[in-house]
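Report on the structure
Chain residues, written in single-letter form:
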Amino acid sequence: MQSQNAQERRIARVFWSSPFGGLEEERELLTKKYWPRLAHMCQKAGYEYVPVDMRWGITSGHSTQALTIAICLRELDRSDMIVGFFGQRYGWHGDKDQMLQKTFDYASPSYPFIDEYRDRSVTELEFLHGHLNHPGARAASFFFRDKAYDDQKRVEYEAADDERNARKYRATSDGPNAEQFLDDLKSRVKETKDKCLTIHPNYTTPSEGARLMFETAQDFLQDFLKPQRALSGPETDRLEHHAFLIQKLGMGGKYVGGEGYMMEVDSHVLEKRHEYKKKHLLVTGEPGSGKTCLLGNWILKHQEQYPDDVIAYHIVGCSSSSTSVKNVLQRLSNDVEDALFSVNGGPTPERVYATNGKEDVRELRQILTSVVNKASKGDRRVIIVIDALNMLEKAGKTMKTLYWLPKFLPDVAHLILSSVSSDDVNIRELIQEREFSQLTMIPLTEDIQSTVTKNMLIVRGKELSQQQHDRVVGCSQTENPLFLMILLQELCSFGSFFELDDYIDSLIAVNSVTELFVKFLKRLEKDYNPEEKTNLVHEVMCCLLVARRGLSEGEIKKILGVSDQMWSMLYFAMNDFVVERSGLYVLANTELAEAVRQHFCIDENTQTKFTRLICDYFLQIFKELYPRYNTKIPCRVLEELPWLLCKLGDNAQLQDCLLNLAMFSALYSGQHKYDLVDYWNSTGVPGKEIQQSYMGSLDDQVALLYDQSIVETGTLPRPTPGIQLISVVGDISSFLVEAGHRTVLEPLLLRAIRMHPVQDETKVLTSDLDTTRDYCYRQNQLACFYADTDRFDQALVIHKKLLELKGKLDPKVWASEKAVTLNNMGFLQMKLGNNQQSLEYFQQALAFHKEVITDDDAHEVIASATNNIGSVLAVMGRYDEAAPILERSLEIYEEIYFDSLPPDVGGTLLNLAKCHVRNPEKTTDEVEATYQRALDIRVNAYGHNHPEAAQVLMTYGAYMMRRDKTDEGLKMYLEALDIFEVSYGSDGLDTTMVKENVAMAYVVKGQHEEAIPYFNQAGESLHKLGLMDRSSQFLNSSMLNYYLQNKRMAEAHQVLERVITAQFATEDMFVTLEQLDELLLGDQRPARPFEQTLDYALQKFPSGMRVLGRKLVLLARSGEADAMLDIIRNNPAGRDDPALYMYAYKVFVENGHREEGQRILLAASEHFPDNVVVLENLAKCHSIYKRYPEALEVMERALVVNPQDIDLLILRANLLGMSDQLKESRERLLEAKRIAEKKDDQENVDKITAILKNLDKIIISASANT
């Protein structure tokens, strides 16, 4: 497919006619110095400049086939202007020259006039056809060099015996009649002077001639390109985009091989086609892969086929303002408006656009959405095309991805966007989040490479020989369109026909676009390094490489000492590969940047040299500024200087720069504040030193303000320096918090309070509103500092004082201020673990905010208060309640911070992720994405080494642990620990908690020894803070068991001494502590507080048998039966368990306190009167003390319960025998034997028989004695 719209693609073609020899210098100057300027001028007007120069492009094949004259005249037919120039050489001619005459024969049928001039040169034929045959029909100008110059050069070369060069300036070199023919031609040209733009009969030097030719062509083209009427601002802007689009339609002016791509784009726009895809489209590809070319050709084709469709397009990077998001939205809105309100097929020049005067991106996006909706209501299809998203100016660190691009458009509106394949962030947003389709550009096929090569050269009136062509197309690198375009441009810029083959070989020998750009750089060096500055190309390219945002023309000239002429020549030569963004020039391709790095900045020293050069330029500007705190810092100094100093690693200068209060204030405003954090982090200076340095800057500023006032007015400054600087002190304090240095704030906060105009609290109530608010703000900062540094009591005192103060002020004015204090008190209680109280404070804060804000919820304070409520609910484990509240908070933040989510939103996302973890409908990928987004927001804002980022890492790590990704979780914990230790010190609460997490990860991995140092440090810190309840029960139990199993009793004892104070301490922990106290300390054991004793444990675990058992042992040792009985009776589980009584009795007996233990049995028999085991043991106990009647009475009770129990019967018989009731004892034994025989219990039968036998002997013996 070869689509071309002649009306849309406009070309300005100038034919440069001269003999082949003797005018090399003029052509060289034109090619390298002036044609690039003409090309730039045409490009800006929407035209492509094509210089037709036949010095090469007539191949040997053409000569052999006698095509030379036909080709030259054919090219003239396509040209808008002819520029002819001669020296003293007339050129190739002769009616006896057989080859030349063949070219006449071939061209004669098409151009019969040439038969009358068969003895004339090809150049004269060009003059004839281009002008003399029809003077005035085509713009023409002619230039003849002064003979004196040629004579001088000829003499010089003859004196040097250089015949080859001498021939160039000798008229007779082309034949005996050459001089006569040239004079005749000059004469005829002069006769048409009134039909020419200009004729210069005697320019003195090649440089003068080239300049005159350029000026004439420039004047002609300015008129040629001029629009018919003055253009409005939007029309001028549109022309720049259209001009760029036309320039990129395809090498050689034709789009080749894109049928499949064009159809794919159609399938996302043409709804009635069966292959229609109801999705927006993203075109991706490597740099130079043809994305702009595809979109440009598709736009023109679609406009031809569907003229009623509204197409608004924007090409990022085509002009200085095109990289701004605001410009994108303004242009697209204006284009859609023009389509809606066109007059006679064209826009109204005087239109007042809806975007006029609008600067806010949110408002501009709404305008675009509105005008698209209007256009679509008339059943008009609306297509918005944005090319090169990757070239948009980088937004601030917290800017949301593509925040400015409307997400919701009517069904008949279509978005077609493009970006490079490496633009991961935008691609992820569009493909994954917004569900765009993706079209990826692939390398060129060999057939397409061949066609493109021919087309591009034909446009310039050139052609390669078949062998040359095959070498170019056969090079594997030319499948990359960018590579092929650069190669062909280099060939067209090459001036020596005889060296062309070698040059082609050198270009195709390279292996990448980067290496080809190195060739381009080498050519620039050769052609554009002036004698007075032989390293111009080197220096300019290196400066553009190392600058942060790029450099303006004025900056380049001043930094490098470049004249206007030097810059102009070089700029136009490299124009295609340098992009202007908001007046700053940057290298357009990453490959070009890499080429500059490889060719010029080959080592760190070179890069440092040019970085320092630029840095010194901005540093000088900075040093010349007045050192007052409110001095305005120029935008360019603000953007470049600290960044360059940081890049250089010049910490001393960087610190001086950042400590300048004007620079600090400028950086701390807006998105630059996050750069400020990065800069200080790069210095490695600890927070304490930063704070002290800023205190010094404040001291210096106070002195300056006093000195300035005394010098200028002779009086002390008013207002006082303290009042002037109080806001700066506050900003420094806030910055240190954001930089993760909260622990060093106190001196600054106290200084701000001392600087406040109101020192007496009683005067606050009578002060003006602003003064009172500022007073409260300073006090609040100090209270928050105390809370952050775990000085909770001091924080609470100030918060309560502020709440009381605000309660005395006008409630209509101070409702939101009261909410601020309640909010902070909520955070304080949350830190203390009092979550219910924290929730109540947060709910009160939200209620106060809503008293003031009654219209809607779209306010930051509402978002923040809502977030706090959701956060504490999540901490409390009430995830189902927390999730919708947090989601609402996020919605409000999204609405408020349209373009840039604040870092605080990371906290909202963090808590929302915790809720998602418990939501079975959320996938693990969704949960991880929420965590990652929270991390990205905070890292983008503050950098990785910030406590806010560490907070996310800690929670994200916990989630990874939950998913059994222990190694990933441990890695996140360790990263968080490194950050917290720097920010809060080794004993900070956050540091402590993440140490516990690290220890827990090691425990899960079974690496207890690695866990020990983290576990011990965390435990000691929490114990010291009285916050052991925040510690992990699982971790403490695991480590305690590890110590006990490995007989490391002393370490186990240390754990127990800490953990016994926690609410989660188990009864085992109380018992083990008591045992280890005894084992390790003996008589030296401490008298522990009641809350750490077994008696407390008995209250805490009233049903706990482990504590009861240990207490029983201790009481048994001292025989305290009554105390033991009290404990048993108070144990819900034990008091109804006879086994416990029996166990207690057993332990008392084992400890030599049987008689005291008997009281336990008596109590048991009363509590369990029918329990045979209790009664049996009580009877035995009585018998031991020979209280046989009591024993027999108990046995009778037992036998009432179980009269058939043989053991009881035997025991009763034995008791009767021991009480000398032998006969009765014998009767009871016989009774027992009968029962045993009935039960076939032979064992007991035998047992009783043996007892009877002994008893009978005793009875006989007793009778004998009687």
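Residues numbered from 1 in each chain as written. Predicted model: local features only at pLDDT ≥ 70, side-chain atom pairs only at ≥ 80, totals over all residues. Heavy atoms only, no water.

Here we look at the packing of helix H30 (residues 687-713) against helix H32 (residues 746-755)
Two elements in contact, H30 and H32, have axes whose closest approach is 9 Å; the angle formed by their N-to-C orientations is 30°. When the interaxial angle is binned, H30 and H32 end up roughly parallel. Counted together, Lys688, Gln691, Met695, Leu698, Asp699 and Val702 of H30 and Pro747, Leu748 and Arg751 of H32 form the full contact between these two elements. Among the residues making up the contact of H30 with H32, the classes are represented as 5 nonpolar, 1 polar and 3 charged. (Axes fitted to C-alpha atoms, helices over the stretch in contact; angles between N-to-C directions. Helix = DSSP H or I, 4+ residues; strand = E, 2+ residues; numbered from the N terminus. Parallel < 35°, antiparallel > 145°, perpendicular 65-115°, else oblique. Contact = heavy atoms within 4.5 Å. Nonpolar A, V, L, I, M, F, W, Y, C, P; charged D, E, K, R; others polar.)

Section: the sheet that holds strand S9 (residues 310-315)
Strand order across the open sheet formed by 5 strands is S9-S10-S11-S8-S12, with parallel pairing between neighbours. Sheet topology places S9 and strand S12 (437-440) at the edges, where each strand pairs with a single neighbour. Here the strands of the sheet are splayed against their neighbours by 15° on average, with no regard to which way each runs. Bridge count between strand S8 (residues 281-285) and strand S11 (residues 413-420): 5 bridges; the pairing is parallel. By the bridge assignment, leucine 281 is partnered in S11 with isoleucine 416. On the sheet, helix H11 (residues 259-266) packs against S8, S11 and S12 and is oriented at approximately 170° with respect to S12. (Pairing = 2+ DSSP bridges.)

Examining the packing of aromatic side chains
All chains considered together, the criterion is met by 31 aromatic pairs. Between tyrosine 149 and tyrosine 169, the aromatic rings sit 6.4 Å apart at their centres with planes inclined by 75°, giving edge-to-face as the arrangement. Remark: tyrosine 169 occurs in the loop between helix H7 (163-166) and helix H8 (178-191) and tyrosine 149 occurs in helix H6 (residues 147-159); sequence separation between them is 20 residues. Counting every residue linked through ring pairs, the aromatic cluster contains Phe86, Tyr90, Phe127, Phe142, Phe144 and Phe181. Geometry around tyrosine 306 places arginine 381 over its ring, the cationic atom sitting 5.1 Å from the centre. Over the ring of phenylalanine 1015 we find arginine 1058; its NZ or CZ atom is 5.4 Å from the centre of that ring. (Phe/Tyr/Trp six-rings, centres within 6.5 Å; stacked < 30°, edge-to-face > 60°. Lys NZ or Arg CZ within 6 Å of the ring centre and 35° of its normal.)

Remarks on the packing of helix H27 (residues 651-659) against helix H29 (residues 672-683)
In the contact formed by H27 and H29, the axes pass within 10 Å of each other and the chain directions differ by 145°. The interaxial crossing formed by H27 with H29 has left-handed handedness. Here Asn651, Leu654, Gln655, Leu658 and Leu659 of H27 lie close against H29, whose contacting residues are Leu676, Tyr679, Trp680, Ser682 and Thr683. Classifying every residue of the contact of H27 with H29 by side-chain character gives 6 nonpolar, 4 polar and no charged. (Left-handed = near helix turned anticlockwise from the far one by under 90°.)

A few points about a nonpolar patch on the surface
Together, Tyr706, Ile710 and Leu716 make up an exposed nonpolar region whose accessible area comes to about 270 Å². Positionally, isoleucine 710 belongs in helix H30. Of the residues examined, isoleucine 710 reaches a relative accessible area of 44% and is grouped as partly exposed. (Patch = residues over 30% accessible without salt bridge, like charges linked within 9 Å, V, L, I, M, F, W, Y side chains within 5 Å. Areas by Shrake-Rupley, 256 points an atom, 1.4 Å probe, with all protein chains shown as cover. Salt bridge = Lys/Arg side-chain N within 4 Å of Asp/Glu carboxyl O. Buried < 20%, exposed > 50% of the residue type's maximum accessible area, 1.4 Å probe, protein only.)

Brief notes about the confidence of the model for the protein
The predicted model of the protein averages 84 in pLDDT, with 92% of residues at 70 or higher. Within the protein, the lowest mean pLDDT, 32, falls on strand S1 (residues 2-3), and the highest, 96, falls on strand S5 (residues 139-145). Counted against residues more than four places away or in other chains, residues 56-65, with its pLDDT under 50, gives 29 contacts. A low-confidence stretch, residues 343-350 (pLDDT under 50), is modelled with 7 contacts involving residues beyond four sequence positions or located in other chains. (pLDDT = per-residue confidence, 0-100.)

Considerations on the environment of arginine 471
Following the sequence through the fold, arginine 471 ends up in helix H17 (residues 466-473). Aside from chain neighbours lying at most four places away, what touches arginine 471 is Asp501, Ile504, Asp505 and Ile508.

Some details on the pattern of salt bridges
What the rule picks out here adds up to 72 salt bridges. The shortest N-O distance in the salt bridge between arginine 120 and glutamate 124 comes to 3.2 Å. Salt-bridge contacts for glutamate 881 lead to arginine 878; the nearest nitrogen and oxygen are separated by 2.9 Å. Here glutamate 881 falls in the partly exposed class, since its relative accessible area comes to 39%. Overlapping salt bridges bring together Lys147, Asp151, Arg154, Glu158, Glu163 and Arg170 as one network.

Some points on helix H42 (residues 966-984)
Its 19 residues give H42 an end-to-end C-alpha distance of 26 Å, which sits within 8% of 27 Å, the value for a rise of 1.5 Å per residue. If you check which residues of H42 are buried, you get Thr966, Gly969, Leu970, Met972, Tyr973, Ala976, Leu977, Ile979, Phe980, Ser983 and Tyr984. On its buried face, H42 sits against helix H41 (947-962), helix H43 (989-1004) and helix H44 (1008-1025). Of the residues trailing H42, glycine 985 is marked for its positive phi of about 85°. (Expected span 1.5 Å × (residues − 1).)

Quick word on the nonpolar core
Counting 276 residues, the largest nonpolar core has Leu491, Leu524, Met574, Leu641, Tyr694, Phe735 and Met1124 as the members making the most contacts within it. Counting residues in hydrophobic clusters, the runner-up holds 36 residues, among them Val361, Ile367, Trp404 and Leu405. (Core = buried A, V, L, I, M, F, W, Y, C linked by side-chain atoms within 4.5 Å.)

Side note on the pairing of strand S4 (residues 81-86)
The buried fraction of S4 amounts to 6 of the 6 residues, a majority that puts the element mostly inside the structure. Neither face of S4 is open: one carries Met81, Val83 and Phe85, the other Ile82, Gly84 and Phe86, and all of them are buried. Sheet topology note: the S4/S5 ladder contains 6 bridges and is parallel. The residue of S5 that forms the bridge with glycine 84 is phenylalanine 142.

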